[in-house]
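Chain by chain, the residues run as shown.
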Amino acid sequence: MNEVIKNILTRRSIRQYEDSQVPDELLDEVLLAGTYAASGRGLQAPIILVIQDKEVIKELSKINAEIFGRDTDPFFGAPTVLMVLTDRSRSTGIEDASLVLGNMMLAAHSVGLGTCWVHRAREQMDYEYVKNMLIKVGIDPNKYVGVGHLSLGYPKAVPKKAAPRKKDYIYKI
Ligand SMILES: Cc1cc2nc3c(=O)[nH]c(=O)nc-3n(C[C@H](O)[C@H](O)[C@H](O)COP(=O)(O)O)c2cc1C
């Protein structure tokens, strides 16, 4: 089995992180891999917002937890959060953004970092705090909608192997 496929098969969602920040060189590689995801008509509809400000992550965490209806940190204390948004006007925007998230999960794993997809990015758009946060960095919340986040950092604990794949996953004709 080649290294790319091994990397895909060994990636797991990480829900415990070290406090140490992700080095910029690795972050840049992960982001670059995200930007090279395929996109409908090659239009590159998604954008990525890197969040490393602890106060901003704390506020987002509160909002995300409120939407989730839970009293825990949905970002698992990760030192970095990557929020992926997509151009609302593009017909393949959500699919494009999902591929960006997938590319970055695999790229992160390949360099020894851990990620977990954290949902509810779309619902967060209703919050004034989120809108203002986006406007502050030059992202128009009327043009872009959140698709998902990745918590990103060095894994503190690596979960067990993935569950077996379901029997009827693949059909052939
Ligand atoms: C669209 C999507 C949304 C997800 N949302 C969350 C989430 O909000 N919180 C979380 O802890 N994991 C979330 N996950 C991670 C899944 O729970 C995880 O991928 C699944 O349990 C399989 O585990 P694995 O990633 O280790 O293979 C999400 C995954 C996807 C693809």
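Described below are features of the structure shown in this document. Treat the numbers as computed from the prediction; the structure is a model and nothing was measured. (Residues numbered from 1 in each chain as written. Predicted model: local features only at pLDDT ≥ 70, side-chain atom pairs only at ≥ 80, totals over all residues. Heavy atoms only, no water.)

### Some thoughts on the packing of aromatic side chains
Stage number 1. Summed over the entire model, instances satisfying the criterion amount to zero aromatic pairs.
Stage number 2. One cation-aromatic arrangement involves R120 over F68; the distance from NZ or CZ to the ring centre is 3.7 Å.
Stage number 3. The ring of Y169 has K166 sitting right over it, with the charged end atom 5.0 Å from the ring centre. (Phe/Tyr/Trp six-rings, centres within 6.5 Å; stacked < 30°, edge-to-face > 60°. Lys NZ or Arg CZ within 6 Å of the ring centre and 35° of its normal.)

### What about the pairing of strand β2 (residues 80-87)?
Stage number 1. Of all eight residues in β2, eight are buried; the element is thus mostly enclosed.
Stage number 2. The pairing of strand β1 (residues 46-51) with β2 spans six bridges and is classified as antiparallel. Across the sheet, V50 pairs through a bridge with L82, a residue of β2.
Stage number 3. Bridging between β2 and strand β4 (residues 144-153) involves eight bridges; their strand directions are antiparallel. Note that in β4 the partner of L85 across the bridge is G146. (Buried < 20%, exposed > 50% of the residue type's maximum accessible area, 1.4 Å probe, protein only. Helix = DSSP H or I, 4+ residues; strand = E, 2+ residues; numbered from the N terminus. Pairing = 2+ DSSP bridges.)

### Some details on the site of the ligand
Stage number 1. Close contacts around the ligand come from R11, R12, S13, R15, F76, C116, W117, V118, H119 and R120, and that covers them all.
Stage number 2. In this structure, R15 approaches the ligand through a side-chain N or O atom, which is 2.8 Å from an oxygen atom.
Stage number 3. Within the backbone of H119, one N or O atom sits 3.0 Å away from an oxygen atom of the ligand.
Stage number 4. Taken by itself the ligand offers 620 Å² of open surface, and the protein chains cover 61% of this.
Stage number 5. Partitioning the shell around the ligand into residue classes produces four nonpolar, two polar and four charged. (Near = heavy atom within 4 Å. Polar contact = N/O pair within 3.5 Å; in protein donor to acceptor, adjacent residues only side chain to side chain. Areas by Shrake-Rupley, 256 points an atom, 1.4 Å probe, with all protein chains shown as cover. Nonpolar A, V, L, I, M, F, W, Y, C, P; charged D, E, K, R; others polar.)

### Some thoughts on helix α3 (residues 54-68)
Stage number 1. Its 15 residues give α3 an end-to-end C-alpha distance of 20 Å, which sits within 8% of 21 Å, the value for a rise of 1.5 Å per residue.
Stage number 2. Among all positions of α3, only V56, I57, L60, S61, I63, N64 and A65 are buried.
Stage number 3. Looking at the buried residues of α3, the elements they touch are β1, β2, β3 (114-118), α5 (121-124), α6 (128-136) and β4.
Stage number 4. Looking at where α3 begins, the residue whose side-chain oxygen comes 2.9 Å from the main-chain nitrogen of E55 is D53.
Stage number 5. G69 sits one or two positions beyond α3 and adopts a positive phi of about 75°. (Expected span 1.5 Å × (residues − 1). Contact = heavy atoms within 4.5 Å.)

### Here's the deal with a negative patch on the surface
Stage number 1. Taken together, D24, E25, D28 and E29 make up a surface patch of like negative charges.
Stage number 2. Summarising the element assignment, E29 is placed in helix α2 (residues 24-35).
Stage number 3. Under the relative-accessibility criterion, E29 is labelled partly exposed at 46%. (Patch = residues over 30% accessible without salt bridge, like charges linked within 9 Å, V, L, I, M, F, W, Y side chains within 5 Å. Salt bridge = Lys/Arg side-chain N within 4 Å of Asp/Glu carboxyl O. Lys, Arg positive; Asp, Glu negative; His and termini not counted. Charge placed at Lys NZ, Arg CZ, Asp CG, Glu CD.)

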